[in-house]
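Each chain, written out:
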Amino acid sequence: MITGLSHTTVWVLDQNSAKKFYTEKLGFDVRDDTVMTNEYMPGTSGFRWLTVGPKQQPDLRMLLAEPKPPMVDEEAAKAIRALVAKGAFGAGVLDTDDCRKTYEDLRKKGVQFLQEPADRPYGVEAVFRDDSGNWYSLTERKGR
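Note that this is a predicted model, so its numbers are computed, not measured.

A. Just helix H1 (residues 15-25), in detail. Among the residues of H1, those classed as buried are Gln15, Ala18, Phe21 and Tyr22. The buried residues of H1 occupy an angular sector of 125° when the element is viewed end-on, so they sit on one face. Facing away from the buried surface of H1 by more than 90 degrees, the exposed residues are Asn16, Lys20 and Glu24. Residues of H1 that are buried make contact with strand S1 (7-11), strand S3 (48-53), strand S4 (61-65), strand S7 (123-129) and strand S8 (135-141). Between the side-chain oxygen of the N-cap and the backbone nitrogen of Asn16 there are 3.1 Å, and the N-cap of H1 in question is Asp14. Following H1 by one or two positions, Gly27 has its phi on the positive side, about 80°.

B. Expanded view of the pairing of S4. Across the 5 residues of S4, 4 count as buried, placing the element largely inside the fold. In this structure, S1 lies alongside S4, joined through 5 bridges in parallel fashion. Paired with Thr8 across the bridge in S4 is Met62. The pairing of S3 with S4 spans 2 bridges and is antiparallel. Bridge pairing in S4 places Val52 opposite Met62.

Basis of the calculations
Residues numbered from 1 in each chain as written. Predicted model: local features only at pLDDT ≥ 70, side-chain atom pairs only at ≥ 80, totals over all residues. Heavy atoms only, no water. Buried < 20%, exposed > 50% of the residue type's maximum accessible area, 1.4 Å probe, protein only. Helix = DSSP H or I, 4+ residues; strand = E, 2+ residues; numbered from the N terminus. Arc of directions from axis to C-beta. Contact = heavy atoms within 4.5 Å. Polar contact = N/O pair within 3.5 Å; in protein donor to acceptor, adjacent residues only side chain to side chain. Pairing = 2+ DSSP bridges.

Laid out in structure tokens, this is it:
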């Protein structure tokens, strides 16, 4: 039986820039930041395992991964980088208790919004992009 989701991957164009964006602008914690070696995982020498997550959700790790071997081959990596840069990937829904306030806080920190907060059947939603181009729904859900 599946009991939950512990890790998810977000493709980023530059891990250092993404780390700064997710920690300084979104306020996430760094959960892991290590370079893998062949000793522990053959074929991964030099692969950076960088995970972050919301402070209030310590059991979730978002892997900020650059599309490159060993995650994908070089042809796939090139295609993924192009799609990320175009903003083709929705990386998920981030919950907030107050969408309008969070929108203002993030906007002041320089986060690029594609959509201002708006009432929806499921709550209040705004949409923003991370520094690589991935977009997120920032949602204050009804009935929470």
